[in-house]
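# Report on the structure
Chain by chain, the residues run as shown.
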Amino acid sequence: MKERTTRSFQALIMAGLGAFLLFQVVNGGITFYIHQRFVWLVVVGAILLLVIAQTLFQSRSQINEDDPHEHSDGEDDDHHHVLTPGWVLWLMILPVMMGVLLPQRALSASVIQNRGIQTGGTLSSNTQVIQVQDIPPEQRTVLDWVRLFSQSDTRAQIKGQPVDVIGFVYRDPRLPAGQFMVARFTLTCCVADASALALIVSWEDADSLVENRWVRVRGVLDETLLDGHPAPLVLAKQVEEVPEPSQPYLYP
Amino acid sequence: MLMRASKSFFQTLPWAVTTLLVFAALLRFGETALGGLPEGLANLLETLSNFSAVFLGIFIEAVPFLLLGTLASGLVEVFISREELVRWIPQRGVGSALAGSLLGLFFPVCECGVVPFARRLVRKGLPLSAGIALLLAAPVVNPIVIASTLAAFGVGPVFWGRLAGSLLIAFITGWIFSLAPPQEVLRDRSGLPLPPVMASLEPIAVPPLSQRFRQVLLIAADEFFEMGRFLVLGALLAAFMQTFIPQGGLLLLGQGAVLSVFVMIALAILLSVCSTVDAFIALAFTGTFTTGSILAFLVFGPMVDIKSTLMFLRVFKPRAVLYLILLPFLMTAVLMIGLNLAGVWG
């Protein structure tokens, strides 16, 4: 490939990537992938990409194709700075192609089979638990409840409190009939570190629910055993389907 | 042999992934057109979109940092006079190794840029021990990588461990190299032409400022493609492992105090992810792997991997390259296994 052609492709790829990122920020899809607090960085990155692409376009007119130095077929083994080989250009289009060709969805329940799911455990510090205690019970999220439940002293206090949470349905194979999990993913940085949290829900029509659908669960908090460890259980009074929230993840 | 085979694998990879994506797009079209898919195909589509979410998560998170790194590297190339700098560096022994390992704080280059950069500094009179320490420490101990590690892990044992471990290992290796005469370490200099982009930057006459900024952006573009490929490959592998390999199996590898460290070192070599973004990839392994092994990945990976070894071989004699790989390897392994066994992570 001639240098002029390579530069054109580089410019196109960088401009495409920049436009893709900006589009994701504008339509809100970006929060399917990364934590909200990094969105401004993505905007900076997208603008840089567009500026560099513009410079690449302009620089093409100054390329002298007859210069013997510039000819290379992209074999990059013996030099650091040579023209980018074709397969690398293609590789760099993949992120945009993936974003365009595949449905853009938040992580779904099938990930849990690989990663596991938490209903308790030591995932937060004491100060966080104390802050969560100040939230009225009806406004607590799945994450808040799991946090409170993970500390043995707060566990006793929250029993019997009213629960009103939303999450997606996950059918854990360890659960008996008449129970399901209402689950959320939490992100600290991006989807790669997402972990699933859930409350177990006991509800007479549990078997009629479809996995991955979003539901609002109202009931009273109780306790059960999962794999021999205490786990939070919601005795549901009402379970209704709701649309997926625009922000599907929780941020610890 | 291995190089050739792996190269043809990487060259086919974009095609393979593209085919898969087109297939997924067809499935998605079928889903809308038919109003549903057979259960097996629907599950496949769900798995693929989870794969894509993890891949794009890593990639999008890392791209701004990669861009900042390439820009910084371009700025250093075009605007900093190295002769000036060399005057400030102690010329031998402990002092020069220490100075070399801290030099990255002022020159944010990641491991892809550091090899030509260090070579250039050594040619202009930087002591070899400082050059080696710079080579090993600069990819981690620099503002951009410090920021990305902070973004990924926050202030905590991983953050401090990465900085301290990298500094310590780079300093000791640089110090050891100060005992060797430079002609036994560096390859014949006449056989090392400067790359075209850098050669064109030899300051014959200082071009106007706008021209120099343009040059910075062009270097940044080249480096973006030079290093971006390793980011895409690394993110593909990480997303593949997260989506298709049950963590139960990984847990067996990841929880042993000794084994986990070697597994993560091997992974660091294989992935060859740029140090500006490797923190985000490492994040995917926290929870399944021991903290010591995560640290081994973050400390050793920027020093030695497939791509930097190739670059080492062009600059140093083979025996020197062997030491450059073995010394950091042994120190990382001993340090991290020791920390794991001591149970310092709580």
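Residues numbered from 1 in each chain as written. Chains lettered and ligands numbered in written order. Predicted model: local features only at pLDDT ≥ 70, side-chain atom pairs only at ≥ 80, totals over all residues.

Moving on: the overall build of chain B. Across its full length, chain B holds 17 helices and zero strands. Per-residue burial over chain B gives 49% buried out of 346 residues. Across chain B, the fraction of contacts at a sequence separation of at least 24, relative to all contacts at a separation of at least 6, is 85%. (Helix = DSSP H or I, 4+ residues; strand = E, 2+ residues; numbered from the N terminus. Buried ≥ 20, exposed ≤ 12 C-beta atoms within 10 Å, placed from the backbone. Contact = placed C-beta atoms within 7 Å.)

Turning next to the overall build of chain A. On a plain count of helices and strands, chain A comes out with seven helices and seven strands. Going residue by residue from the N terminus, the α and β elements of chain A occur as α-α-α-α-β-α-α-α-β-β-β-β-β-β. Out of the 252 residues in chain A, the part that is buried amounts to 39%.

So, on to the confidence of the model for chain A. In the predicted model, chain A carries a mean pLDDT of 84, and the fraction of residues at 70 or more is 88%. Scored below 50 in pLDDT, residues 67-81 of chain A makes 20 contacts in the model with residues more than four places away or belonging to other chains. (pLDDT = per-residue confidence, 0-100.)

In this assembly, 50 residues from chain A lie in contact with 57 residues from chain B. Put simply, the parts of the chain that give the side of chain A that touches chain B at least two residues each are helix H1 (3-27), helix H2 (39-59), helix H3 (86-101) and helix H4 (110-115) of chain A.

Bringing the confidence of the model for chain B into the picture now. Overall, the predicted model of chain B reaches an average pLDDT of 82, with 88% of residues at or above 70. Both scores are available for the predicted complex, with the pTM at 0.81 and the ipTM at 0.86.

Packed helix pairs are characterised by how far apart their axes lie and by the angle those axes make with each other. Look at H2 of chain A against helix H2 (residues 39-79) of chain B: their axes get within 9 Å of each other, and the N-to-C directions meet at 55 degrees. Compared by their axis directions, H2 of chain A and H2 of chain B come out oblique. Like other packed secondary-structure pairs, H2 of chain A and H2 of chain B cross with a definite hand, here left-handed. Contact residues: Leu41, Val42, Val44, Gly45, Leu48 and Leu49 of chain A in H2 of chain A; Ile60, Val63, Pro64 and Leu67 of chain B in H2 of chain B. Taken together, the residues of the contact of H2 of chain A with H2 of chain B break down into nine nonpolar, one polar and no charged. (Axes fitted to C-alpha atoms, helices over the stretch in contact; angles between N-to-C directions. Parallel < 35°, antiparallel > 145°, perpendicular 65-115°, else oblique. Left-handed = near helix turned anticlockwise from the far one by under 90°. Nonpolar A, V, L, I, M, F, W, Y, C, P; charged D, E, K, R; others polar.)

Residue and element names in this part refer to chain A. Each domain of chain A was delimited in the assignment, giving domain 1 (3-101) and domain 2 (110-250). Counting residues at the interface gives five residues for domain 1 and seven residues for domain 2. Broken down by class, the residue content of the side of domain 1 that touches domain 2 amounts to two nonpolar, three polar and no charged. (Domains from an automatic or database assignment.)

It is worth spelling out the pairing of strand E5 (residues 214-226) of chain A at this point. All names here are of chain A. In this structure, strand E2 (residues 162-170) lies alongside E5, joined through seven bridges in antiparallel fashion. Among the inter-strand pairings, Pro162 is bridged to a residue of E5, identified as Val220. Examined bridge by bridge, E5 and strand E6 (residues 229-241) share 12 bridges and lie antiparallel to one another. Across the sheet, Asp222 pairs through a bridge with Leu233, a residue of E6. Linking E5 to E6, which pair antiparallel, is a turn of two residues; within it Asp227 sits at a positive phi near 55 degrees. (Pairing = 2+ DSSP bridges.)

Glancing now at the nonpolar core. In terms of nonpolar packing, the biggest core is built from 178 residues, with Val182 of chain A together with Ile58, Leu231 and Phe280 of chain B touching the most fellow members. Broken down by element, this core gets its largest block of residues, 18 residues, from H2 of chain B. Counting only domains with at least three residues in this core, you end up with domain 1 (3-101) and domain 2 (110-250) of chain A. Once residues within four sequence positions are removed from consideration, Val182 of chain A is found in contact with Val142, Val165, Gly167, Val169, Ala198, Leu199, Val201, Val215 and Val217 of chain A. (Core = buried A, V, L, I, M, F, W, Y, C linked by C-beta atoms within 7 Å.)

The next point concerns the pairing of E2 of chain A. A regular strand carries its side chains on alternate faces of the sheet. Where E2 of chain A lies against strand E3 (residues 179-186) of chain A, three bridges are found, and the strand directions are antiparallel. Bridging from a neighbouring strand, Phe168 of chain A pairs with Ala183 of chain A of E3 of chain A.

This part is about H1 of chain A. In this model, H1 of chain A (25 residues) spans 36 Å end to end at C-alpha, consistent with the 36 Å of a helix rising 1.5 Å per residue. Within H1 of chain A, the full set of buried residues consists of Thr6, Arg7, Gln10, Ala11, Ile13, Met14, Leu17, Gly18, Phe20, Leu21 and Gln24 of chain A. Of the surrounding secondary structure, the elements contacted by the buried residues of H1 of chain A are H2 and H3 of chain A together with H2 and helix H11 (209-244) of chain B. Looking at the residues trailing H1 of chain A, positive phi occurs at Gly28 of chain A, about 85 degrees. (Expected span 1.5 Å × (residues − 1).)

A separate point is the environment of Leu21 of chain B. With respect to the secondary-structure elements, Leu21 of chain B resides in helix H1 (residues 2-34). Given 18 C-beta atoms within 10 Å, Leu21 of chain B falls into the partly exposed group. Ignoring anything within four residues of it in the chain, the contact list for Leu21 of chain B reads Met97, Met98, Leu101 and Leu102 of chain A.

This brings us to helix H8 (residues 157-177) of chain B. One turn of an α-helix holds 3.6 residues; hence residues three or four places apart share an orientation. Residues and elements named next belong to chain B. Along its 21 residues, H8 runs 29 Å from first to last C-alpha, staying within 8% of the 30 Å computed at 1.5 Å per residue. Taken together, the buried positions of H8 are Val158, Gly161, Arg162, Gly165, Ser166, Leu167, Ile169, Ala170, Phe171, Thr173, Gly174 and Phe177. Along its buried surface, H8 packs onto helix H4 (93-102), helix H6 (128-137), helix H7 (143-153), helix H9 (182-185), helix H15 (291-303) and helix H17 (318-342).

Residue and element names in this part refer to chain A. Here His35 shows up in the loop between H1 and H2. Residue classification places His35 among the buried positions, given that 20 C-beta atoms sit within 10 Å. Each C-alpha atom, one on His35 and one on Asn114, is 22 Å from the other, the two residues being 79 residues apart in sequence. When near neighbours in sequence (up to four residues on either side) are disregarded, His35 contacts Leu187, Thr188, Cys189, Cys190 and Tyr251.

A word on unusual backbone geometry. All names here are of chain A. Phi angles above zero are rare outside glycine, and Asn212 is one such case at about 80 degrees. What makes Asn212 partly exposed here is the crowd of 16 C-beta atoms within 10 Å. We note that Asp227 has phi near 55 degrees; this positive angle belongs to a residue other than glycine. Asp227 gets classed as exposed once you count the C-beta atoms within 10 Å, which come to 7.

Running from N to C, H2 of chain A and H11 of chain B cross one another at 105 degrees; their axes reach a closest spacing of 9 Å. When the axis of H2 of chain A is compared with that of H11 of chain B, the two are roughly perpendicular. In this structure, H2 of chain A contributes Val51, Ile52, Thr55, Leu56 and Ser59 of chain A to the contact, and H11 of chain B contributes Arg214, Leu217, Leu218, Ala220 and Ala221 of chain B. Its residues assigned to classes, the contact of H2 of chain A with H11 of chain B comprises seven nonpolar, two polar and one charged.

So, about the environment of Ala279 of chain B. Residue and element names in this part refer to chain B. Along the polypeptide, Ala279 turns up in helix H14 (residues 278-283). Here the alpha-carbon distance between Ala279 and Ala62, two residues 217 residues apart in the chain, equals 9.1 Å. Ala279 has contacts with Ser148, Thr149, Ala152, Phe153 and Leu298, leaving out every residue within four places of it along the chain.

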